[in-house]
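Take a look at the letters that make up each chain.
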Amino acid sequence: MQITPEVDRKTRILEAFVELLAEHGYPGATFARIVVTARLSSTRLITYHYDTKQELVTAALRHIGERAQQFMVPAIEAESSARGKLAAYLRSNLRFLGERPAYARAAVEIVRNLPRDTAATDLREDVPVLLLAQLFVAGQESGELRRFDPVVMAATVRAAVDAAVERFTRGEGMDLAAYAEELCELFDRAIAADPTSRDLGEVLR
C-alpha cells in the first residue's frame with residue numbers, strides 16, 4: 001500500500017511499521033522512523049493510538065492477518081470441497097507471500113521478538129490451525145476425507161507454510177507457485193479418503 005496523507009492515520013502507522021520491520025528489522029522500526037515514513041508531525045500521533053511499541057506490534061500482526069484473509073478468503077470460498085478449499089488455502093497463502101513480501105518479513109520479525117513471559121504470547125496461538133481443523137472435521141463427516149487427527153494435520157499444514165515463509169524471507173530462491181503445487185499434492189494425498197479402505201465406510205455410517 002502506498003502510504004499517503006489521505007490514508008486513515010492508524011492504517012498509515014501500521015503500514016509504515018510493517019515497511020520498517022521488513023526493511024530494518026524489529027530494533028530499527030522505531031517511532032521516529034514511523035513518523036517519517038507515515039508522514040506524521042510527531043510521535044505523539046503514534047502514542048495517541050498505541051501507548052507502547054508492544055501495543056503497536058499486536059495491532060500490526062492483526063493487520064497483517066486481516067490483509068492475508070482479504071487476499072485468501074475469496075479463493076477458498078470459491079471451492080466447495082474440503083480438498084479444494086485446502087488447495088486454495090495453500091496456493092493463495094503462498095501467492096500472498098510472493099505478492100506481499102514485506103508483510104511476510106514483518107510477521108517473521110514480530111514473531112521472533114514477541115515476549116515469552118507476558119500476555120503477548122497469546123499472539124503465538126495460530127488461529128488458522130483451528131480453522132483448518134474445522135475444515136478437516138467437516139470433510140471427515142462428509143466422507144470426503146480419511147480419518148486422522150484434524151489438529152495434528154492442521155498444525156502440519158501450518159508448519160509447512162511457515163517453513164516456506166522462513167525460506168522466502170531468508171532470500172532463498174524459490175518458485176512459490178511450484179512450491180505450492182508440491183504442498184497441494186502432498187497434503188491431498190495425506191487427507192483424501194481411500195475408497196477401498198474401511199475409513200470411508202466408517203465415516204459414512
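Look up a bit, the structure's there.
Below or above, wherever it landed, is the structure these notes cover. (Residues numbered from 1 in each chain as written. Predicted model: local features only at pLDDT ≥ 70, side-chain atom pairs only at ≥ 80, totals over all residues. Heavy atoms only, no water.)

1. Considerations on the packing of aromatic side chains
- What the rule picks out here adds up to three aromatic pairs.
- Each ring, one from Phe96 and one from Tyr103, has its centre 5.8 Å from the other, and the planes form 50°; the classification is tilted.
- By relative accessible area, Tyr103 is classed as buried at 7%.
- Ring geometry for Phe136 versus Phe148: centroids 5.5 Å apart, planes at 75°, classification edge-to-face. Of this pair, Phe136 sits in helix H7 (residues 127-142) while Phe148 sits in the loop between H7 and helix H8 (150-169), and the two are twelve residues apart along the sequence.
- Judged by its relative accessible area of 13%, Phe148 is buried.
- Each residue in the set Phe71, Phe96 and Tyr103 is aromatic and connected to the rest through ring pairs, giving one cluster. (Phe/Tyr/Trp six-rings, centres within 6.5 Å; stacked < 30°, edge-to-face > 60°. Buried < 20%, exposed > 50% of the residue type's maximum accessible area, 1.4 Å probe, protein only. Helix = DSSP H or I, 4+ residues; strand = E, 2+ residues; numbered from the N terminus.)

2. Concerning the nonpolar core
- One finds Ile34, Leu86, Leu90 and Phe136 to be the most contacted residues of the largest nonpolar core, which totals 62 residues.
- Elements that contribute at least two residues to this core include exactly helix H1 (9-28), helix H2 (31-37), helix H4 (53-77), helix H5 (82-99), helix H6 (101-112), H7, H8 and helix H9 (176-191).
- Beyond its immediate stretch of four places on either side in the chain, Phe136 contacts Leu86, Leu145, Phe148, Pro150, Met153, Ala154, Val157 and Ile191. (Core = buried A, V, L, I, M, F, W, Y, C linked by side-chain atoms within 4.5 Å. Contact = heavy atoms within 4.5 Å.)

3. Concerning the pattern of salt bridges
- Counted by the stated rule, this structure contains seven salt bridges.
- Across the pair Arg83 and Asp188 runs a salt bridge, and its minimum N-O distance is 2.7 Å. Remark: Asp188 occurs in helix H9 and Arg83 occurs in helix H5; sequence separation between them is 105 residues.
- Taking the shortest distance from any N to any O, the salt bridge between Arg158 and Asp162 comes out at 3.0 Å. Remark: Asp162 and Arg158 occur in helix H8; sequence separation between them is four residues, near one turn of the helix.
- Taking the relative accessible area as the measure of exposure, Arg158 reaches 13% and is therefore buried. (Salt bridge = Lys/Arg side-chain N within 4 Å of Asp/Glu carboxyl O.)

4. Observations concerning the packing of H6 against H8
- Where H6 meets H8, the closest approach of the two axes is 10 Å, and the angle between their N-to-C directions is 105°. The orientation of H6 with respect to H8, classified from their angle, is roughly perpendicular. Seen from H6, the contacting residues are Pro101, Ala104, Arg105, Val108 and Arg112; seen from H8, they are Val165, Glu166, Phe168 and Thr169.
- Partitioned by chemical class, the residues of the contact of H6 with H8 number five nonpolar, one polar and three charged. (Axes fitted to C-alpha atoms, helices over the stretch in contact; angles between N-to-C directions. Parallel < 35°, antiparallel > 145°, perpendicular 65-115°, else oblique. Nonpolar A, V, L, I, M, F, W, Y, C, P; charged D, E, K, R; others polar.)

5. A few points about H7
- Given a rise of 1.5 Å per residue, 16 residues ought to cover 22 Å, and the 23 Å separating the end C-alpha atoms of H7 matches this to within 8%.
- When we look at burial in H7, the residues that qualify are Val129, Leu132, Ala133, Leu135, Phe136, Gly139 and Gln140. What you see down the axis of H7 is that its buried residues fit within an arc of 160°, all on one side. The outward face of H7, more than 90 degrees from its buried face, is lined by the exposed residues Leu130, Gln134 and Glu141.
- Taken from the residues just after H7, Gly143 is the one with a positive phi, measuring 90°. (Expected span 1.5 Å × (residues − 1). Arc of directions from axis to C-beta.)

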